[in-house]
Amino acid sequence: SSKTFWTTTGMFPQELIIGFPKCVKISKVAIQCYLVRTLRIERSTSKDPVGFEQCVEKDLQHREGQLQMEEFPLPEFQATYLRFIIKSAFDHFVSVHRVMAEGT
């Protein structure tokens, strides 16, 4: 929902895990967030959210008063879970407004 968002508690790192009903192939991940400085995306193919491996890590551009919209084209890989780790921020609190994963 565009009217909801997830916000951090003010200390870093913070993480958000998204699970899929089964293992899927993902080719691109996109995120809309606010005041995130460094973001890492990891994946797991396990039945449970364990054994994560890093996919990408990026420093995002600060956009004063605007949402950051970042796309991460990734080589197709399988994942049952995606973990988003906000390693640092431009402020004490940040928010995640939307996460999208494309694939089959």
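See the structure above.
Here goes a summary of the coordinates provided. Everything numeric here is computed off the predicted structure, so don't read it as measured data.

Our next topic: the side chain of R43. With respect to the secondary-structure elements, R43 resides in strand β3 (residues 36-44). Residue classification places R43 among the buried positions, given a relative accessible area of 18%. At a separation of 2.6 Å, a polar atom in the side chain of R43 contacts the side chain of E53. A polar contact is formed between the side chain of R43 and the backbone oxygen of Q78, at a distance of 2.8 Å.

Moving on, we come to unusual backbone geometry. Along the chain, F12 connects to P13 via a cis peptide bond; the corresponding omega equals 10°. Looking at the secondary structure, you find P13 in the loop between β1 (6-7) and β2 (14-34). A positive phi angle is found at L35, which is not glycine, with a value near 70°. For L35, a relative accessible area of 11% corresponds to the buried category.

Cut-offs used in this document
Numbering of residues starts from 1 in every chain and runs along the sequence as written. Selection of residues for local features in this predicted model requires a pLDDT of at least 70, selection of side-chain atom pairs for listing and counting requires 80 or more, and totals for whole chains, interfaces and linings are taken over all residues. Excluding hydrogens and water, the side-chain values take into account all heavy atoms of the structure. Working definition: helices are DSSP H or I runs of at least four residues, strands are E runs of at least two. Numbering for both runs from the N terminus. Exposure categories follow from relative accessible area, calculated using a 1.4 Å probe and restricted to protein chains: below 20% of the type maximum is buried, above 50% is exposed, and the middle band is partly exposed. Under the rule applied, a polar contact is a pair of N or O atoms within 3.5 Å (in protein, one hydrogen donor and one hydrogen acceptor; residues adjacent in sequence only if both atoms are side-chain atoms).

Taken by themselves, the reported measurements are silent on function.
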